[in-house]
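Notes for the structure review
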Amino acid sequence: MRSITITGTILIITGWFTLVEFDHLSEDERKQLLQKIKSNAWLVILIALCRSESPST
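The following paragraphs examine the structure supplied in this document. Note that the structure is a prediction, hence the values are computed from the model and not measured.

On to the overall build of the protein. Scanning the protein from terminus to terminus reveals three helices and zero strands. Going from the N terminus to the C terminus, the protein shows its helices and strands as α-α-α. As displayed, the protein offers around 5,500 Å² of accessible surface, 64% of which is attributable to carbon and sulfur atoms.

Here's what the structure looks like:
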């Protein structure tokens, strides 16, 4: 089993809180947020980098 770095731990915790907050949004707010993410290339790259950091099962 690999050890988890501090950076990895921070990314996991931040991702978890983001997911919890996203679940509390209304349907209209979710659609607006997803449109904003899709229209900004830097956000798409950031999400892709975060997903590559996630431990695989």
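Okay, the packing of aromatic side chains next. Counted according to the given criterion, the structure contains zero aromatic pairs. Over the ring of Phe22 we find Arg30; its NZ or CZ atom is 5.2 Å from the centre of that ring.

Before going further, it helps to spend a moment on helix H2 (residues 27–39). With 13 residues, H2 should reach 18 Å at 1.5 Å per residue; the first-to-last C-alpha distance of 19 Å fits that figure. Summarising burial for H2: zero of the 13 residues are buried, a small minority.

Glancing now at the environment of Val44. Residue position: Val44 is located in helix H3 (residues 41–53). Sequence-distant contacts of Val44, that is, excluding residues within four places in its chain, are made with Ile37 and Lys38.

Calculation rules
Residues numbered from 1 in each chain as written. Predicted model: local features only at pLDDT ≥ 70, side-chain atom pairs only at ≥ 80, totals over all residues. Heavy atoms only, no water. Helix = DSSP H or I, 4+ residues; strand = E, 2+ residues; numbered from the N terminus. Areas by Shrake-Rupley, 256 points an atom, 1.4 Å probe, with all protein chains shown as cover. Phe/Tyr/Trp six-rings, centres within 6.5 Å; stacked < 30°, edge-to-face > 60°. Lys NZ or Arg CZ within 6 Å of the ring centre and 35° of its normal. Expected span 1.5 Å × (residues − 1). Buried < 20%, exposed > 50% of the residue type's maximum accessible area, 1.4 Å probe, protein only. Contact = heavy atoms within 4.5 Å.

These values are about where atoms sit, not about what they do.
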